[in-house]
Amino acid sequence: MNRHFLSAADLTRDEALELFALAAELKQRRKSGRPSTTLAGKTFAMIFEKPSLRTRVTFEVGITQLGGHAVHLAAREIGLGTRETVPDVARNLSRWVDGIMARVYAHATVTDLARHATVPVINGLSDLEHPCQAVADFFTLYERGVDFTTMRMAWIGDGNNVCHSVMILAALLGVSIVVACPPGYEPDAGVQATARRLGGRLEITEDARAAASGADVLYTDVWTSMGQEAEHERRLEAFSRYQLNETLVGFAKPSALIMHCLPAHRGEEITDTVLDGKRSIVLEQAENRLHAQKAVIHKLLGGSLDDT
Ligand code: CP
Ligand code: NVA
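The following refers to the structure shown. (Residues numbered from 1 in each chain as written. Chains lettered and ligands numbered in written order. Predicted model: local features only at pLDDT ≥ 70, side-chain atom pairs only at ≥ 80, totals over all residues. Heavy atoms only, no water.)

## As for the nonpolar core
Note on soluble globular proteins: their nonpolar side chains tend to be buried together.
Right, so step 1: In terms of nonpolar packing, the biggest core is built from 58 residues, with Ile122, Phe138, Leu141, Met153, Val166 and Leu169 touching the most fellow members.
Right, so step 2: Looking at which element gives the most residues to this core, the answer is helix α7 (residues 161-173), with ten residues.
Right, so step 3: Leave out the neighbours within four places in its chain, and Ile122 touches Phe5, Phe44, Phe59, Ile100, Met101, Ala102, Val110, Cys132, Val296, Ile297 and Leu300.
Right, so step 4: Formed by 24 residues, the second largest nonpolar core is a distinct cluster that contains Leu244, Leu262, Ile270 and Leu275. (Core = buried A, V, L, I, M, F, W, Y, C linked by side-chain atoms within 4.5 Å. Buried < 20%, exposed > 50% of the residue type's maximum accessible area, 1.4 Å probe, protein only. Helix = DSSP H or I, 4+ residues; strand = E, 2+ residues; numbered from the N terminus. Contact = heavy atoms within 4.5 Å.)

In structure tokens, the structure reads:
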């Protein structure tokens, strides 16, 4: 595995599958009360430029469960890029901690941290990607025994950071994916090229119903991501035909699973009935952030489960 985890493209297919197996093992260990000590005596810094519930809690709890300690750093408090340059923050932190997780606005901030840090850096969401989310999502499907090579996923809505990481991991795993979005909100062209280079079976369409037709998995995310609040009204209008509601779900396979990274803007991109319905696996996704990220940390720090 690469020294850092900034993009889903930092993984190979085999590494992704290894992460899933390790996450399953770590989850099982936790449930059976067997402690893991991969991070004994080690500390992680967690930098946040944006709000978070799941990432904050799952990283902090996961690091604790591995026997380590997490230090929360609000970007405003440390003055990331204002009081001190990003490279200087990276160089200093590297002298004290064993790893850095950062949630940032610009993806360049996390690549800049990685370039100047001598410890592993993990992207906890940037404007370009959310790779930890995608690992947890496909781990959730793996755990359910889904056959990646025959399943078809439909992404409905914004071609955003979560969509990008999901597209890349789908390509790595051989999952066929259709992204349905309004014109102007397509996934980044560079990410589309990466997914295709990795052999991804990727289709982009404006037609949400065609995308949902016969799908095994329907995935959506907010129409207005953090940092885009000024565009909220314009986005509400642009995405109005892309809501994941019962009518749209009706086009998918009767067994189709509903995914959302959360937080949801209920009544916008998804209705209560669909989000809280029988096919929704959103809380499994949220739960699995914990175990998937423990697996990522374990691999980055070169730990072996035999040591634990
Ligand atoms: N899905 C996710 O990353 O949630 P948070 O923004 O609450 O961390
Ligand atoms: N696309 C969303 C994901 C939040 C986890 C955002 O960037 O705000």
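## Examining the site of ligand 1
Right, so step 1: Close to ligand 1 lie Ser52, Leu53, Arg54, Thr55, Arg103, His130, Gln133, Cys261, Leu262 and Arg289, which account for all nearby residues.
Right, so step 2: Separating an oxygen atom of ligand 1 from a side-chain N or O atom of Ser52 is a distance of 2.6 Å.
Right, so step 3: Backbone polar atom of Leu53 to an oxygen atom of ligand 1: 2.6 Å apart, as the coordinates give it.
Right, so step 4: Protein contact buries 96% of the 260 Å² of open area that ligand 1 shows by itself.
Right, so step 5: Of all the cavities here, the one that holds ligand 1 is the largest pocket. (Near = heavy atom within 4 Å. Polar contact = N/O pair within 3.5 Å; in protein donor to acceptor, adjacent residues only side chain to side chain. Areas by Shrake-Rupley, 256 points an atom, 1.4 Å probe, with all protein chains shown as cover. 1 Å grid on protein atoms, 1.4 Å probe; cavity = no way out; pocket = protein on both sides within 12 Å on 5 of 7 lines; lining within 4 Å. Sits in = over half its atoms within 2 Å of the grid points.)

## Quick notes on the site of ligand 2
Right, so step 1: Every residue lining ligand 2 is accounted for by Leu125, Asn160, Asn161, Val162, Asp221, Val222, Ser225, Met226 and Leu262.
Right, so step 2: Contact between ligand 2 and Asp221: a nitrogen atom at 2.7 Å from a side-chain N or O atom of the residue.
Right, so step 3: Here an oxygen atom of ligand 2 and a backbone polar atom of Met226 are 2.8 Å apart.
Right, so step 4: Put simply, ligand 2 lies in the largest pocket.
Right, so step 5: Residue classes in the shell around ligand 2 are distributed as five nonpolar, three polar and one charged. (Nonpolar A, V, L, I, M, F, W, Y, C, P; charged D, E, K, R; others polar.)

## Focus: the packing of helix α1 (residues 13-31) against α7
Right, so step 1: Packing of α1 against α7 brings their axes to within 8 Å, and their N-to-C directions diverge by 100 degrees. The orientation of α1 relative to α7 falls into the category roughly perpendicular. Contacts between α1 and α7 involve Arg13, Ala16, Leu17 and Phe20 from the first element and Leu169, Leu172 and Leu173 from the second. (Axes fitted to C-alpha atoms, helices over the stretch in contact; angles between N-to-C directions. Parallel < 35°, antiparallel > 145°, perpendicular 65-115°, else oblique.)

## Here we look at the sheet that holds strand β6 (residues 176-180)
Right, so step 1: An order of β7-β6-β5-β8-β9 is seen for the five strands of this open sheet, with the pairing classed as parallel. Looking at strand neighbours, the two that pair on one side only are β7 (202-205) and β9 (257-260), the edges of this open sheet. Averaged over all pairs of adjacent strands, the angle between their axes in this sheet comes to 20 degrees, without regard to strand direction.
Right, so step 2: Relative to β9, strand β8 (residues 217-220) runs parallel, the two being bridged by four bridges. Bridged to Leu218 within β9 is Ile258.
Right, so step 3: Across the sheet, helix α13 (residues 282-300) lies against β8 and β9, angled at about 50 degrees from β9, the strand it touches most. (Pairing = 2+ DSSP bridges.)

Take it as geometry only, folks, not as evidence of what the structure does.
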